[in-house]
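# Coordinates in review
Listed below are the residues making up each chain.
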Amino acid sequence: MDYVTLNNGIKMPMVGLGVFRVKDQKECEEMVYQAIKLGYRLIDTAAAYENEEAVGRAIKRSSVPREDLFITTKLWVTDTNYERAKKGFQRSLDRLGLDYIDLYLIHQPYNDYYGAWRALEELYREGKVQAIGVDNFQQDRLIDFISFIDIKPAVNLIEANVFFQREEELLVMKNKNIQMEAWSPFAAGENKLFTNELLQKLSIKYQKSVAQIVLRWLYQRGIVSIPKSSNPERMKENIDIFGFEITREDMNAIAHLDTSQSCFPTRTKANEVEEFLENAKKFQV
Ligand SMILES: NC(=O)c1ccc[n+]([C@@H]2O[C@H](COP(=O)([O-])OP(=O)(O)OC[C@H]3O[C@@H](n4cnc5c(N)ncnc54)[C@H](OP(=O)(O)O)[C@@H]3O)[C@@H](O)[C@H]2O)c1
């Protein structure tokens, strides 16, 4: 596994396992257990994924020392204010059965994220979390945010894949020394990613799977990724990306797949945000 050093000196694995949409607790526990056995060290969960307990059980079952693991979880929208953030954090900690979190993120840029950040800064100073960061902060909001807080986020987790490459966001984060992390690195299979003609051509050329080409391309851009897979063979494949290099010419060819559009429904309109927040309130976090 390759690591990146965050802006506070903490080392973060360049590839991890995401467990979004894995609601079946047994499946989630087994998946995380297998992943750790295969060499994964970064696990990405969230209070809103409703599977922190399963992740915690897998961690306990694994024989890997706690300090070798890098566990990320996230504060949900309804807890995003100063008063509720610490309680939300403690609930996540209890469900995971851990006494510290490696990376704690504000899951969405809604509600009182400045207040929540002050609570996260306190948790960080108390040593309950190794690094704090944000999730889904677009560049305008990120710049506004970091202009009025004490501790700069170590990470910003955003959607990034071959169809939505986020080169400008990446440059902004590099400039500000904030690590970019990619969610849905395979676009969750949207836009027929795995049968894309160019990616298949490169797969044959490099004798690597399409998934490995995609994850290697993110890695070469300096982006941490958290692919989801419940299949041990594919999990193995997804962390085996460090032994080859995509040429500059092929990196540029992949750049042409960018549509500058999210692969998922966006929330730029009032009614879209309203609907999202209505649903967000239903989560039992
Ligand atoms: N913070 C946020 O707002 C946010 C939003 C979305 C996602 N995320 C995080 O990002 C993680 C990953 O995103 P995602 O779950 O949306 O999707 P993804 O990782 O882009 O894609 C997952 C899909 O790809 C398949 N797959 C995985 N490896 C493969 C391989 N080597 N070959 C062929 N197919 C493969 C999986 O099927 P199998 O399982 O059958 O292998 C699954 O259908 C999430 O789990 C979550 O942790 C965060």
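Above this text sits the structure in question.
Attention in this report is confined to the structure presented alongside it. Predicted model only: the values in this text are computed from it and were never measured.

## A closer look at unusual backbone geometry
Phi at Asn 111 takes a positive value of approximately 70 degrees, unusual for a residue other than glycine. With respect to the helices and strands, Asn 111 occurs in the loop between strand S6 (101–106) and helix H4 (113–125). In the Ramachandran plot, Asn 177 falls in the positive-phi region, its phi being about 60 degrees despite a non-glycine side chain.

## Quick word on the nonpolar core
Counting residues in hydrophobic clusters, the biggest one holds 95 residues, and the most contacted among them are Leu 6, Met 12, Leu 17, Val 19, Val 32, Val 162 and Leu 193. Here this core takes 8 residues from helix H8 (residues 210–220), the largest share from any one element. Excluding its chain neighbours within four sequence positions, the residues that come into contact with Leu 17 are Met 31, Val 32, Ala 35, Tyr 40, Leu 42, Ile 43, Asp 44, Ile 226, Pro 227, Ser 229 and Met 235. In terms of nonpolar packing, the next biggest core, distinct from the first, is built from 9 residues, Trp 76, Tyr 110, Phe 276 and Ala 280 among them.

## Quick look at the pairing of strand S9 (residues 179–183)
Of all 5 residues in S9, 4 are buried; the element is thus mostly enclosed. As paired elements, strand S8 (residues 155–159) and S9 share 5 bridges and run parallel to each other. Pairing of Ile 158 across the sheet is with Ala 182, part of S9. Once you follow S8 into helix H6 (residues 167–175) and on to S9, the crossover reads as right-handed. The pairing of S9 with strand S10 (residues 224–225) spans 2 bridges and is classified as parallel. Residue pairing across strands places Glu 181 opposite Val 224, the latter belonging to S10.

## A short note on the sheet that holds strand S5 (residues 70–75)
As summarised here, the arrangement of the 8 strands in space is S3-S4-S5-S6-S7-S8-S9-S10, forming an open sheet in which the pairing is parallel. Sheet topology places strand S3 (16–18) and S10 at the edges, where each strand pairs with a single neighbour.

## Some remarks on the packing of helix H1 (residues 25–38) against helix H2 (residues 52–61)
For the pair H1 and H2, interaxial distance at closest approach is 8 Å and the crossing angle is 40 degrees. Considered as vectors, H1 and H2 are oriented oblique to each other. Note on packing geometry: the crossing formed by H1 with H2 is right-handed. Between H1, through Gln 25, Cys 28, Glu 29, Glu 30, Val 32, Tyr 33 and Ile 36, and H2, the contact on the second element is made entirely by Ala 54, Val 55, Arg 57, Ala 58, Ile 59 and Arg 61.

## Observations regarding the pairing of S5
Taking burial as the measure, the 6 residues of S5 include 6 buried ones, the bulk of the element. Two strands pair when backbone bridges link them, and strand S4 (residues 42–44) and S5 are joined in this way by 3 bridges, in the parallel orientation. By the bridge assignment for S5, Asp 44 is matched with Thr 72. For the crossover that starts at S4, traverses H2 and ends in the parallel S5, the hand is right-handed. Here 4 bridges tie S5 to S6, and the two strands are oriented parallel to one another. Bridging from a neighbouring strand, Thr 72 pairs with Leu 103 of S6.

## Let's talk about the site of the ligand
Inspection of the region around the ligand gives 27 residues, with Asp 44, Asp 135, Lys 228, Ser 229 and Arg 234 positioned closest. Contact distances for the ligand include 2.9 Å between an oxygen atom and a side-chain N or O atom of Arg 21. The separation between an oxygen atom of the ligand and a polar main-chain atom of Pro 185 is 3.3 Å. A total of 910 Å² of accessible area belongs to the ligand in isolation, and the protein chains cover 86% of it. Among the elements that make up the shell around the ligand, the one with the highest residue count is helix H9 (residues 232–239) (3 residues). Residues belonging to the shell around the ligand are distributed by class as follows: 13 nonpolar, 7 polar and 7 charged.

## Some thoughts on H8
H8 sits mainly inside the fold: 10 of its 11 residues count as buried. Packed against the buried residues of H8 are S9, helix H7 (197–206), S10, H9 and helix H10 (248–255). One or two residues past the end of H8 sits Gly 222, with phi positive at roughly 85 degrees.

## Observations regarding the layout of surface pockets
Quantified by volume, the second largest pocket comes out at close to 170 Å³. Lining the second largest pocket are Gln 165, Glu 167, Leu 170, Leu 171, Lys 174, Trp 217, Gln 220, Arg 221, Met 251, Asn 252 and Ala 255. Those elements that provide at least two residues to the lining of the second largest pocket are H6, H8 and H10. Looking at the lining of the second largest pocket element by element, the count peaks at 4 residues for H6. Looking at the lining of the second largest pocket residue by residue, the class counts come to 5 nonpolar, 3 polar and 3 charged.

The rules behind the values
- Residues numbered from 1 in each chain as written.
- Predicted model: local features only at pLDDT ≥ 70, side-chain atom pairs only at ≥ 80, totals over all residues.
- Heavy atoms only, no water.
- Helix = DSSP H or I, 4+ residues; strand = E, 2+ residues; numbered from the N terminus.
- Core = buried A, V, L, I, M, F, W, Y, C linked by side-chain atoms within 4.5 Å.
- Buried < 20%, exposed > 50% of the residue type's maximum accessible area, 1.4 Å probe, protein only.
- Contact = heavy atoms within 4.5 Å.
- Pairing = 2+ DSSP bridges.
- Right-handed = clockwise from strand over helix to strand, strands pointing away.
- Axes fitted to C-alpha atoms, helices over the stretch in contact; angles between N-to-C directions.
- Parallel < 35°, antiparallel > 145°, perpendicular 65-115°, else oblique.
- Left-handed = near helix turned anticlockwise from the far one by under 90°.
- Near = heavy atom within 4 Å.
- Polar contact = N/O pair within 3.5 Å; in protein donor to acceptor, adjacent residues only side chain to side chain.
- Areas by Shrake-Rupley, 256 points an atom, 1.4 Å probe, with all protein chains shown as cover.
- Nonpolar A, V, L, I, M, F, W, Y, C, P; charged D, E, K, R; others polar.
- 1 Å grid on protein atoms, 1.4 Å probe; cavity = no way out; pocket = protein on both sides within 12 Å on 5 of 7 lines; lining within 4 Å.
- Points joined across faces, edges and corners; volume = space filled by probe spheres on them.

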